[in-house]
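# Structural description and commentary
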Amino acid sequence: KAGVTQTPRYLIKTRGQQVTLSCSPISGHRSVSWYQQTPGQGLQFLFEYFSETQRNKGNFPGRFSGRQFSNSRSEMNVSTLELGDSALYLCASSLAAGFHEQFFGPGTRLTVL
Amino acid sequence: AQKITQTQPGMFVQEKEAVTLDCTYDTSDQSYGLFWYKQPSSGEMIFLIYQGSYDEQNATEGRYSLNFQKARKSANLVISASQLGDSAMYFCAMRPPHGGGSEKLVFGKGTKLTVNP
């Protein structure tokens, strides 16, 4: 069974640009969550989706947005990139709420110059 | 609000010895889940072990066991017979109650484990 896949794995952008990251959950999983990991702030929750609906959102500015498609694949978008957005962005999938295992993808490492 | 505290920024252990990584948590919820994840230098978060707040027995998964002390709000990870491949960052995390409509995980700052040959 294929794991969680994230594309691209590495990305370099400049300030002011926008970026879209993609996450494909494990087949059959309907819940997708996104996290940002930085050396200073650690792992911070961005948002989560279940059946195309955003269930929860972390404390991030409106420049960070996401969506989930009918096949459970999810994208997150960051507009007007800032240097501080440089981070490892991790996606996690689980079957549904209440299932205790969340499986993470390899992450997308975003560098903003 | 939920909070996870990992007080050991770094730990060293000799190969084949056991090591305990500390994790304390703070929550007002009665029902919650506790997780440990391993993150090698490659960046991927690898699920290790889970403990539900109502589980009466400590969770075990191979060489990993979770020393769950609910009254003390601690959920320490014990790795037995350490291997060189265990060198990585280890994160303790908490999830809100079942049925809360959220899979959001709250993570600690992590502990960097180095296994020496």
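Structural data are supplied above this passage.
Residues numbered from 1 in each chain as written. Chains lettered and ligands numbered in written order. Predicted model: local features only at pLDDT ≥ 70, side-chain atom pairs only at ≥ 80, totals over all residues. Heavy atoms only, no water.

### As for the overall build of chain A
A tally of regular secondary structure across chain A gives 0 helices and 11 strands. Counting from the amino terminus, helix and strand elements in chain A follow one another as β-β-β-β-β-β-β-β-β-β-β. Looking at chain A as a whole, 50% of its 113 residues are labelled buried. Counted over contacts in chain A with a minimum sequence separation of 6, partners at least 24 positions apart contribute 54%. (Helix = DSSP H or I, 4+ residues; strand = E, 2+ residues; numbered from the N terminus. Buried < 20%, exposed > 50% of the residue type's maximum accessible area, 1.4 Å probe, protein only. Contact = heavy atoms within 4.5 Å.)

### Notes on the state of the cysteines
Disulfide: a covalent bond connecting the sulfur atoms of a pair of cysteines. Enumeration according to the criterion identifies 2 disulfides over all chains in this entry. One disulfide bridge connects C23 of chain A with C91 of chain A, the sulfur atoms lying 1.7 Å from each other. One quick way to see it: the torsion about the S-S bond of C23 of chain A and C91 of chain A is about -55°, and its sign makes the bridge left-handed. Residue C23 of chain A is located in strand β3 (residues 19–24), and its partner C91 of chain A is located in strand β9 (residues 87–94); the two are separated by 68 residues in the primary sequence. Here C23 of chain A and C91 of chain A have matching classes, each one buried. Paired through a disulfide, C23 of chain B and C92 of chain B show a sulfur-sulfur distance of 2.0 Å. (Disulfide = S-S within 2.5 Å.)

### Overview of the environment of T38 of chain A
Residue and element names in this part refer to chain A. One can find T38 in strand β4 (residues 31–38). Sequence separation between T38 and L88 is 50 residues, and the spatial gap between their C-alpha atoms is 6.6 Å. Residues within four places of T38 in sequence aside, it is in contact with S86 and A87.

### Some words on the packing of aromatic side chains
Under the defined criterion, the tally for this structure stands at 15 aromatic pairs over all chains. Considering the side-chain rings of F47 of chain A and Y49 of chain A, the 5.8 Å spacing of their centres and the 65° angle between planes classify their relative orientation as edge-to-face. Considered together, F47 of chain A and Y49 of chain A belong to a single accessibility category, that of buried residues. Here a set of aromatic residues connected by ring pairs shows up, and it is made of Y35, F45, F103 and F104 of chain A together with F35, Y37, F47, Y50, F91 and F107 of chain B. Taking the ring centre of Y64 of chain B as reference, the NZ or CZ of R63 of chain B above it sits at 5.6 Å. (Phe/Tyr/Trp six-rings, centres within 6.5 Å; stacked < 30°, edge-to-face > 60°. Lys NZ or Arg CZ within 6 Å of the ring centre and 35° of its normal.)

### Brief notes about the pairing of strand β8 (residues 64–69) of chain B
Residues and elements named next belong to chain B. Of the two faces of β8, the one lined by Y64, L66 and F68 is fully buried and the one lined by S65, N67 and Q69 carries no buried residue. As judged from the 2 bridges shared by strand β7 (residues 60–61) and β8, these two strands associate in the antiparallel manner. Each residue of the ladder has a partner; that of E61, found in β8, is Y64. The turn linking β7 back onto β8 is made up of 2 residues, and G62 within it adopts a positive phi angle of 60°. For β8 and strand β9 (residues 74–79), the ladder comprises 6 bridges, and the chain directions are antiparallel. The residue bridging N67 from the neighbouring strand is N76, located in β9. Connecting β8 to the next strand, β9, in antiparallel fashion are 4 residues, including K73 with a positive phi near 55°. (Pairing = 2+ DSSP bridges.)

### Considering the interface of chain B and chain A
With 19 residues of chain B at the contact, the number on the chain A side is 26 residues. Surface buried jointly by chain B and chain A totals about 1800 Å² across both partners, of which 54% is contributed by carbon and sulfur atoms. Joining chain B to chain A, the criterion identifies 0 salt bridges. There are 5 residue pairs in polar contact (both at pLDDT 80 or more) connecting chain B and chain A. At the level of elements, β5 (33–39), β6 (46–52) and β10 (88–95) of chain B are the ones that each hand at least two residues to the side of chain B that touches chain A. Top element by residues in the side of chain B that touches chain A is β5 of chain B. It accounts for 3 residues. Of the residues belonging to the side of chain B that touches chain A, the class tally is 8 nonpolar, 6 polar and 5 charged. (Buried area = accessible area lost by both parts, 1.4 Å probe. Salt bridge = Lys/Arg side-chain N within 4 Å of Asp/Glu carboxyl O. Polar contact = N/O pair within 3.5 Å; in protein donor to acceptor, adjacent residues only side chain to side chain. Nonpolar A, V, L, I, M, F, W, Y, C, P; charged D, E, K, R; others polar.)

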